[in-house]
Amino acid sequence: MTSTQVDKHHGDGSAQGGTPEEGYERGLGSRQVQMIAIGGAIGVGLFLGAGANIAKAGPSLILMYALAGVIVFFIMRALGELLLYRPVSGSFAEYAREFLGPFFGFATGWTYWLMWVVTGMAELTAAAIYVHYWFPQVPQWVTALVFLVVLYLANLISVKIFGEIEFWFSMVKVTALLGMIVIGIGVITFGFSAAGDTAAVSNLWAFDGIFPKGVGSSLMTLQGVMFAYLAVELVGVTAGESENPEKTLPKAINTLPWRIIVFYVGALSVILMVVKWTEFQPGVSPFVAAFAKIGIPAGAAIVNFVVLTAALSSCNSGMYSTGRMLRDLASNSEAPKVLGKLSSTKTPAVGITLSVALMGIGVVLNYVVPEKAFGYVTSVATAAGIWTWMMILISHIRYRREVVAGRLPASSFPAPGGTVCSWIAVAFLLLVTCMIAIDPESRISLYVGAGWAVCLVVGWSVLKSRSPQVAKRAAAGEKDPEPAGRS
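Residues numbered from 1 in each chain as written. Predicted model: local features only at pLDDT ≥ 70, side-chain atom pairs only at ≥ 80, totals over all residues. Heavy atoms only, no water.

Student: Quick question: what am I supposed to make of the pattern of salt bridges here?
Tutor: Between side chains of opposite charge, a pair can form when the charged atoms approach closely. One pass over the full model with this rule turns up 9 salt bridges. Its salt-bridge partner being Glu94, residue Arg97 comes within 2.6 Å of it at the nearest N-O pair. Taken together, the residues Arg97 and Glu94, both in helix H5 (residues 92-99) and 3 residues apart, mark about one turn of the helix. Exposure class is identical for Arg97 and Glu94. Each is buried. Here Glu334 ties to Arg97 by a salt bridge, and the two come within 2.8 Å at their closest N and O atoms. Residue Glu334 is found in the loop between helix H15 (299-331) and helix H16 (349-365), and its partner Arg97 is found in helix H5; the two are separated by 237 residues along the sequence. Assessed through its relative accessible area of 3%, Arg97 is described here as buried. (Salt bridge = Lys/Arg side-chain N within 4 Å of Asp/Glu carboxyl O. Helix = DSSP H or I, 4+ residues; strand = E, 2+ residues; numbered from the N terminus. Buried < 20%, exposed > 50% of the residue type's maximum accessible area, 1.4 Å probe, protein only.)

Student: In this structure, what is going on with helix H19 (residues 444-466)? I would like to understand it.
Tutor: Because each turn of an α-helix spans 3.6 residues, side chains separated by three or four positions in sequence point in the same direction. Helix length check: H19 (23 residues) gives 33 Å between terminal C-alpha atoms against 33 Å at 1.5 Å per residue, within 8%. Those residues of H19 that fall on the buried side of the exposure criterion are Ser445, Leu456, Trp460 and Leu463. (Expected span 1.5 Å × (residues − 1).)

Student: Explanation requested: the side chain of Gln223 in the structure shown.
Tutor: Looking at where Gln223 falls in the secondary structure, it is placed in helix H10 (residues 222-229). Side-chain polar atoms of Gln223 contact the backbone oxygen of Met220, separated by 3.0 Å. In contact with Gln223, not counting residues within four places along its chain, are Val432, Met435, Ile436, Asp439 and Ser442. (Polar contact = N/O pair within 3.5 Å; in protein donor to acceptor, adjacent residues only side chain to side chain. Contact = heavy atoms within 4.5 Å.)

Student: Whenever I open this one, the confidence of the model for the protein chain confuses me. Can you help?
Tutor: Detailed reading of predicted coordinates is not advised where the pLDDT is low. On average, the protein chain scores 82 in pLDDT, and the residues at 70 or more come to 84%. Taken element by element, the predicted model of the protein chain shows its lowest mean pLDDT in helix H1 (residues 3-15) (40) and its highest in helix H18 (residues 420-438) (94). For residues 1-21, every residue scores under 50 in pLDDT, and the model assigns this stretch 42 contacts once sequence neighbours within four places are set aside. Low confidence marks residues 481-487, where pLDDT is under 50. Its contacts with residues over four positions away, or in another chain, come to 23 contacts. (pLDDT = per-residue confidence, 0-100.)

Student: Hey, could you run me through the packing of aromatic side chains in this one?
Tutor: Each aromatic ring pair is described using two quantities: the centre-to-centre distance and the angle formed by the ring planes. This model, assessed by the stated rule, comprises 16 aromatic pairs. Residues Tyr65 and Tyr229 carry aromatic rings whose centres are separated by 6.1 Å and whose planes lie at 70° to one another, so their mutual orientation is edge-to-face. Separated by 164 residues along the polypeptide, Tyr65 in helix H4 (residues 60-85) and Tyr229 in helix H10 bring together distant segments of the chain. Note on Tyr65: relative accessible area 0%, which makes it buried. Using a relative accessible area of 1% as the deciding quantity, one classes Tyr229 as buried. Between the aromatic rings of Tyr229 and Tyr264, the centroid separation amounts to 4.7 Å while the plane-to-plane angle is 35°, which identifies the pairing as tilted. One end of the pair, Tyr229, is in helix H10; the other, Tyr264, is in helix H13 (residues 256-274), and 35 residues separate them in sequence. Given the relative accessible area of 0%, Tyr264 is considered buried. Chaining the aromatic ring pairs together yields one cluster made of Phe103, Phe104, Phe106, Trp387 and Trp460. Across from the ring centre of Phe413, 4.0 Å away, lies the NZ or CZ of Arg77, which sits over that ring. (Phe/Tyr/Trp six-rings, centres within 6.5 Å; stacked < 30°, edge-to-face > 60°. Lys NZ or Arg CZ within 6 Å of the ring centre and 35° of its normal.)

Student: Hey, could you run me through the side chain of Asn316 in this one?
Tutor: Looking at where Asn316 falls in the secondary structure, it is placed in helix H15. Filtering out sequence-adjacent residues up to four positions away, Asn316 remains in contact with Leu151, Asn155, Phe162, Ile165, Glu166 and Phe169.

Student: Which parts of the structure should I look at to understand the environment of Pro212?
Tutor: Of note, Pro212 is situated in the loop between helix H8 (159-190) and helix H9 (214-219). Linking Pro212 and Pro59, residues 153 residues apart in sequence, is a C-alpha distance of 8.0 Å. Look past the residues within four positions of Pro212 in its chain and what remains in contact with it is Ala57, Gly58, Pro59, Phe207 and Trp277.

Student: Hey, could you run me through helix H14 (residues 286-294) in this one?
Tutor: Burial in H14 covers these residues: Pro286, Phe287, Ala290, Phe291 and Ile294. Buried positions in H14, seen along its axis, are confined to an arc of 135° and lie on one side of it. Just downstream of H14 lies Gly295, where phi reads positive at about 95°. (Arc of directions from axis to C-beta.)

Student: I would appreciate a short explanation of the packing of H5 against H15 in the present structure.
Tutor: Packed helices, taken two at a time, are described by the angle between their axes plus the distance between the axes. Packing of H5 against H15 leaves a shortest axis separation of 10 Å and a crossing angle of 30°. In terms of orientation, H5 and H15 fall into the roughly parallel class. Residues Phe92, Ala93, Glu94 and Arg97 of H5 form the contact with H15, whose participating residues are Met325, Asp328 and Leu329. A per-class count over the contact of H5 with H15 returns 4 nonpolar, no polar and 3 charged. (Axes fitted to C-alpha atoms, helices over the stretch in contact; angles between N-to-C directions. Parallel < 35°, antiparallel > 145°, perpendicular 65-115°, else oblique. Nonpolar A, V, L, I, M, F, W, Y, C, P; charged D, E, K, R; others polar.)

See the structure below:
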């Protein structure tokens, strides 16, 4: 890469904390970025998915979450170094395009977009089911439609509205988890409630040890554990709209280990001390089971509200990130130019509208296809998430190589351990992929991923044949300036 390209990439943008020419409003303050980062680390995968994994792995699931948490921290520090080198809203797709080549930027942008569209389909339907708990007389499709429209309008108004909604969604999740931890510690320490007689720290190893079903069974839960961490990278998408990315992004990333320790390792440890792991069942939220065991009357309703919040938070984030990814693709002529237009409120309205329309189709489809088939659709998110994380890590490794060679400036937020931690994380993600391949139930995600890869290759070939300059322009780090304007 030439010095001219270095200036183009890093130039006045990084000096001022971003790339002002993107045209976005820097409307996300430190408070909102922090809570978006926290919310991204607390999803439906923890509130609901942990039940099935506890049944598979017992108390060793705590170690799996801790191990995966370390890897996620490596990924986020790699992303953090790239973000402070060049904070842009396109984030992972931009870095893949710069360090791996135009096709990888194209593939990463569209894959991350797909991940959030299918996640939005699932979360909208899930949210409607949770509301059905209180209002069984209201048709689920009506509830799903209301949520879809409200979140869509909020994302169109301004990035500040998105940030504020996400802030309060995250606040609900954090408050619920902290409340569960405090109540659980109280039960263990003072022995009150119906669970007081059996609650004990020894529950973590008293029933066939920490690995009651063997190490192999525990490793098989890694795919579900990593799914629970999906969206933690969302803070990277906010880079182009953060008020002060040099301060807010490092702070959000550096506090990730504490969030993992408290909200995953801490919450699960307390729950498994209060309730014996043998009492948990797949398909039942471990938080609901714990509240029921303690004897809190409104426990089920509380958890239902928190899970509803988590689902809506995920859908809200999906609308936000898909619009930004489509705009980045359009700015590189890898998507129709109309998707790159900004509205008068500086939001990628056309891209958001397209994504929301597809999410709406998913809600409709959920009522005409079998439940298991719809579950296959959500498995796409796992494969897409692993691809995104791999692109972040490999881009980081390539970036550090350029820095060492003196061809690029060093980031102000270098990842500890250099590229060593990135290589460890790459190896771990390959291990998780092997676990997915071994498990017959989750193997479908690899089949879907392979089919999507074929679509991407075909799409790229058609794009290059129609516009050969796209590959050359993307490789040179140039963009079509038109999408940066307003419609």
